[in-house]
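Structural description and commentary
Residues per chain, in single letters:
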Amino acid sequence: STPETFESGSDVVCVAFRPDGNQICSGTIRGLLRFWNTEDGSLICEIDGQKDIKGGRKINDRMTADNNASSRYFTSIAYSADGTCLLAGGNSKYVCIYEISQQILLKKFQISFNRSLDGVLDELNSKNDGDRGPIDDEHDSADENNNYTPHLPGAKRADDGARKSKVEVLTMQVAFSPTGREWSTVSGEGLHVYSLDDDMIFDPMALTEAVTPGAVQSNIRKGKYGMALLMSLHLNEFALVKSVIEDTPYESIAAVVRSVGQEHLSHLIQFLSKCMEDSPHVEYYLQWCLELLQTHGLFMEKNRGKYLRSFRALFRVVQSRHVDLKAICDDNKYSLEFLENQANLLLGGQDDK
């Protein structure tokens, strides 16, 4: 079969399919985001992102950030799970989120405020400005103590023999989470994760190479249930956390709860509510809830706004299990009363005979 082509009008630097496969987005070197229908190849709409992504004056730029269009384009794009939004990042300090149907910019994020990176600052240093532009090329940017090295012809970077260079601020890859509540980007400073949930925890100090599922199981076998629970909370895997909770002996619950830090309380409450939904060990999980309230109840009461979401989830599950158990107990009560009455009737009939 012959390949189908889409005429873009300028160089294409990034492409992404919508999750349902009915739409494709392409990003051009002019900063345009073009949306195509995959069935008939027609152009649906365009979004001009040059003004949205502009910003940041690099050390080798001979003009201001507002007048420099060389880096105003996206190099990585990603659809949300429902296909309504598009995440775009590129050779800039900004990452933009667009609503596709309305073709509007929802929000843009600055991925770094590190002034040592090339392209973070927007303004020229006024003390080095004259009537006709910068007085000294060596101080041509707002950064201080920068040695300007001209580009080699045809080269994208400076001379490889230079002893000192600056890292540019840019976005190499962007991606949405399947839930649509988080997205991440990779830049020169590492991985950045953004979330709509305020209680999302990222603890790089405690998350080391030693924190593995194997280490969690090893601590369980050694009887170090508190350490195993903390490591499983750092890994944030539901199956692992559930196994640690259910492997903890009933008499050790109080000691394990005391070892949990305040920063992990919200996550632990959410895991308990999720585990309790379909577990037959109702009394066991109620003991976990009781120890949590007795140990950390005063702190959570003072910070009720932070833990309100987790408490609502736990209360909903506990109330649901209470209703189920109450119905079972009522059914058993009436069944036992019926059996007792029937037995009395049979015994009374035998006595009459």
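The coordinates are above.
Scope of this entry: the structure provided in the associated data block. (Residues numbered from 1 in each chain as written. Predicted model: local features only at pLDDT ≥ 70, side-chain atom pairs only at ≥ 80, totals over all residues. Heavy atoms only, no water.)

1. What to know about the overall build of the protein
Our working definition: By the criteria applied, helices consist of DSSP H or I runs no shorter than four residues and strands consist of E runs no shorter than two, each listed in order from the N terminus. Note on exposure labels: buried denotes an accessible area under 20% of the residue type's maximum, exposed denotes more than 50%, and partly exposed covers the range between, all computed with a 1.4 Å probe on protein chains only. What makes two residues a contact is simply this: any of their non-hydrogen atoms within 4.5 Å.
Looking only at helices and strands, the protein features eight helices and 13 strands. Buried residues in the protein amount to 39% of all 353 residues. Counting only contacts in the protein whose residues sit at least 6 apart along the sequence, the fraction spanning at least 24 positions is 50%.

2. Here we look at the sheet that holds strand 13 (residues 190-195)
Here is the rule we go by: Only strands that DSSP links by at least two bridges are regarded as paired with each other. Axes, fitted as lines to C-alpha atoms, cover a helix only where it is in contact. Angles between the N-to-C directions of the axes lie from 0 to 180 degrees.
Taken together, the three strands give an open sheet; going across it, the order is 11-12-13, and neighbouring strands pair in antiparallel fashion. Only two strands of the sheet have a single neighbouring strand rather than two, namely strand 11 (171-176) and strand 13. If you compare each strand with its neighbour and ignore which way they point, the axes differ by 15° on average. Pairing geometry for strand 12 (residues 182-187) and strand 13, over six bridges, is antiparallel. Bridge assignment links S184 to a residue of strand 13, and that residue is V193.

3. Some details on the packing of aromatic side chains
For any pair of aromatic rings, the description consists of the separation of the ring centres together with the inter-plane angle of the planes. Filter applied, for reference: Here the aromatic set is Phe, Tyr and Trp, taking the six-membered ring for Trp, and pairing holds for ring centres within 6.5 Å; pairs whose planes are under 30 degrees apart are stacked, those over 60 apart are edge-to-face, and all others are tilted. For a Lys NZ or an Arg CZ to count as sitting over a ring, it must be within 6 Å of the ring centre and within 35 degrees of the ring normal.
Inspection of every chain in the model, using the stated rule, returns eight aromatic pairs. On the numbers, 5.1 Å between centres and 55° between planes, the contact of F109 with W183 is tilted. With F109 in strand 8 (residues 104-110) and W183 in strand 12, this residue pair connects regions lying 74 residues apart in the sequence. Comparing F109 with W183 shows no difference in burial state: the two are buried. Seen from their ring centres, W183 and Y194 are 4.3 Å apart, and the 10° between their planes marks the pair as stacked. Of this pair, W183 sits in strand 12 while Y194 sits in strand 13; the two residues are eleven residues apart in sequence, bridging distant segments of the chain. When its relative accessible area of 6% is taken as the criterion, W183 is described as buried. One aromatic cluster is present, formed by F109, W183 and Y194 through successive ring pairs. The ring of Y94 carries K108 above its face, with NZ or CZ at 4.3 Å from the centroid. The lysine or arginine in question, K274, covers the ring of F238, its NZ or CZ lying 4.4 Å from the ring centre.

4. Re the nonpolar core
Worth spelling out the cut-off: Definition used in this section: a nonpolar core is a set of buried Ala, Val, Leu, Ile, Met, Phe, Trp, Tyr and Cys residues joined via side-chain atoms within 4.5 Å.
Formed by 34 residues in total, the largest nonpolar core has its most connected members in L229, I245 and W288. For this core, the secondary structure elements donating two or more residues are helix 2 (213-222), helix 3 (225-235), helix 4 (238-247), helix 5 (253-258), helix 6 (265-276), helix 7 (282-302) and helix 8 (304-352).

5. A word on a nonpolar patch on the surface
Put simply, the test is: Exposure above 30% relative accessible area and the lack of any salt bridge qualify a residue for a patch; like charges then connect within 9 Å, and the nonpolar side chains Val, Leu, Ile, Met, Phe, Trp and Tyr within 5 Å. Exposure was quantified through the Shrake-Rupley algorithm and a 1.4 Å probe, taking into account, for residues, occlusion by the shown protein chains and nothing else. Think of a salt bridge as a Lys or Arg side-chain nitrogen and an Asp or Glu carboxyl oxygen that are within 4 Å of each other.
On the surface, M172, V186, L191 and V193 cluster together into a nonpolar patch covering about 350 Å² of accessible area. Of note, L191 is situated in strand 13.

6. Side note on helix 7
How we decide: One fewer than the residue count of a helix, multiplied by 1.5 Å, yields its expected span.
Between its terminal C-alpha atoms helix 7 stretches 28 Å, which fits the 30 Å expected from 21 residues at 1.5 Å a residue. All buried positions along helix 7 are accounted for by V282, Y284, Y285, Q287, W288, C289, E291, L292, H296, G297 and M300.

7. Focus on the sheet that holds strand 7 (residues 94-99)
Read from one edge to the other, the open sheet built from four strands follows the order 5-6-7-8, with strand pairing classed as antiparallel. The open sheet is flanked by strand 5 (74-79) and strand 8, the only strands paired with a single partner. Direction aside, neighbouring strands of the sheet carry axes that sit 20° apart on average. Judged from the five bridges that link them, strand 6 (residues 85-90) and strand 7 form a sheet pairing that is antiparallel. When the bridges of strand 7 are listed, L87 appears paired with I97.

8. Quick word on the pattern of salt bridges
Taken as a whole, this structure holds four salt bridges when the rule is applied. Here E301 makes a salt bridge to R304, at a shortest N to O gap of 1.9 Å. A relative accessible area of 44% means that E301 is categorised as partly exposed. D330 is the partner of K326 in a salt bridge, and the nearest nitrogen-oxygen pair spans 3.4 Å. With K326 and D330 both in helix 8 and four residues apart, the pair spans about one turn of that helix. Accessibility expressed as a relative area gives 47% for K326, which makes it partly exposed. Residue D330 is classed as partly exposed on the basis of its relative accessible area of 28%.

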